[in-house]
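Structural overview for review
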Amino acid sequence: AIGYIAGKGFTERFAYFIYNFAIWDIFYYVFLKIFLDWPESLLTWDILFLIPTTWTGPVVAPIILSMLMVWLALVIIIAKGRGKKPRLFKTEWYLLIGGSVIVIIAFVWDYSRYILQRHSFIEIFKVSSEELEAIAYDYTPTDPFNWGVYMSGVVLIVAGIVLYQRRKKMFFSR
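Throughout what follows, the structure given in this document is the object of discussion. (Residues numbered from 1 in each chain as written. Predicted model: local features only at pLDDT ≥ 70, side-chain atom pairs only at ≥ 80, totals over all residues. Heavy atoms only, no water.)

**Quick notes on the packing of aromatic side chains**
What counts is decided by this rule: Centre distance within 6.5 Å is the pairing criterion for rings of Phe, Tyr and Trp, where only the six-membered ring of Trp is used; planes under 30 degrees apart are then read as stacked, over 60 as edge-to-face, and the remainder as tilted. Helix numbering and strand numbering both begin at the N terminus, where a helix is a DSSP run of H or I of at least 4 residues and a strand a DSSP run of E of at least 2. Here the term buried applies to any residue with accessible area under 20% of the maximum for its type, exposed to any over 50%, and partly exposed to those in between, with areas from a 1.4 Å probe on protein chains only.
By the definition in use, this model includes 21 aromatic pairs. Aromatic pair Phe107 and Phe145: ring centres 5.9 Å apart, planes at 35 degrees, arrangement tilted. Here Phe145 lies in the loop between helix 6 (129-137) and helix 7 (147-167) and Phe107 lies in helix 4 (residues 90-116), a separation of 38 residues in the sequence. On the basis of relative accessible area, Phe107 is assigned to the buried category, the value being 4%. Plain terms: the ring middles of Tyr111 and Tyr139 are 4.9 Å apart, the flat faces sit at 90 degrees to each other, and that makes the pair edge-to-face.

Set out below in structure tokens:
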């Protein structure tokens, strides 16, 4: 809603949306640390989302993505403020979306491996929700986070942001 109210046009609204989401996400962890003294470190595992499946990863992973979202949002908003159309080109969108999908794969990697050790992909759709719930309750991340997959997604996202920033001539110039 904030993005819709603050922006004009899809790209600007998208920028305000990701900016607000990213700031919320960063301060979510800041306040968890202040009030609960958690996480113990930036490498502590966390459950990030539960839809459509469980997403897990070290706390630093969503914080890195949040910083990238702030960077992209600010470049779009500043470009608009300098009178440039904020529109992203297809290549930039492909890099941002492709990188995001790869990052999501990294987040669901461990949980998916855990579930697929107990049931085949086809069986998952035949198992009762109670049984799947029981399996999910026993899940604790054990494998190392798949940094290779995650970082390949981050590289694509950074490439999309840099490509946009270069096209808008937003490097150290007015």
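**Digging into the nonpolar core**
Going by this rule: Put simply, a nonpolar core is a bunch of buried Ala, Val, Leu, Ile, Met, Phe, Trp, Tyr and Cys residues held in one set by side-chain atoms that sit within 4.5 Å of each other. We call two residues in contact when some of their heavy atoms are within 4.5 Å.
Counting residues in each nonpolar core, the largest one holds 34 residues, and the members touching the most others are Leu65, Val103, Phe107, Tyr150 and Ile157. At the level of elements, helix 2 (10-36), helix 3 (60-81), helix 4 and helix 7 are the ones that each hand at least two residues to this core. Here this core gets eleven residues from one element, more than from any other, and that element is helix 3. Apart from residues no more than four positions distant in its own chain, Ile157 is found in contact with Leu65, Leu68, Leu95, Leu96, Gly99, Ser100 and Val103. Counting five residues, the second largest nonpolar core, distinct from the first, contains Tyr111, Tyr114, Ile115 and Tyr139.

**A look at the packing of helix 4 against helix 7**
Where we set the bar: For helices, the axis comes from a line fit to the C-alpha atoms of the stretch in contact; other axes are also lines fit to C-alpha atoms, and the angle between any two N-to-C directions lies between 0 and 180 degrees. Angle categories: roughly parallel below 35 degrees, roughly antiparallel above 145, roughly perpendicular from 65 to 115, and oblique for all the rest. The sense of a crossing depends on the near helix, which, turned anticlockwise from the far helix by less than a right angle, makes the crossing left-handed and, turned clockwise, makes it right-handed.
Orientation of helix 4 relative to helix 7, taken along the N-to-C sense of each, is 160 degrees, at an axis distance of 7 Å. Judged by the angle between their axes, helix 4 and helix 7 are roughly antiparallel. The two elements helix 4 and helix 7 meet at a crossing, and its hand is left-handed.

**A word on the environment of Phe49**
Its location among the elements puts Phe49 in strand 1 (residues 45-49). The exposure class of Phe49 is partly exposed, given its relative accessible area of 41%. Here the alpha-carbon distance between Phe49 and Val108, two residues 59 residues apart in the chain, equals 9.5 Å. Residues within four places of Phe49 in sequence aside, it is in contact with Phe21, Thr54 and Trp55.

**So, helix 2**
The condition is simple: An expected span of 1.5 Å times one less than the residue number is assigned to each helix.
Here helix 2 contains 27 residues, and its C-alpha end-to-end distance of 38 Å stays within 8% of the 39 Å for a straight helix at 1.5 Å per residue. Regarding helix 2, the residues found buried are Thr11, Glu12, Ala15, Ile18, Ala22, Asp25, Tyr29 and Leu32. Looking one or two places after helix 2, you find Asp37, whose phi comes out positive at around 55 degrees.

**A look at the pairing of strand 1**
In plain terms, the rule: Two strands pair under a simple rule: DSSP has to find at least two bridges between them.
Pairing analysis gives four bridges linking strand 1 to strand 2 (residues 55-58), with the strands arranged antiparallel. Considered in strand 2, the bridge of Asp46 is made with Gly57.

**With respect to the packing of helix 3 against helix 4**
Rule in force here: Think of it as three bins: nonpolar holds Ala, Val, Leu, Ile, Met, Phe, Trp, Tyr, Cys and Pro, charged holds Asp, Glu, Lys and Arg, and polar takes everything else, Gly as well.
Across the interface, helix 3 lies against helix 4 with an axial gap of 12 Å and an inter-helix angle of 165 degrees. Taken as axis vectors, helix 3 and helix 4 run roughly antiparallel relative to one another. In this structure, the crossing between helix 3 and helix 4 has a hand that is left-handed. For the pair helix 3 and helix 4, the contacting residues are Ala61, Pro62, Leu65 and Leu72 in the first and Leu96, Val103 and Phe107 in the second. In terms of residue class, the contact of helix 3 with helix 4 is made up of seven nonpolar, no polar and no charged.

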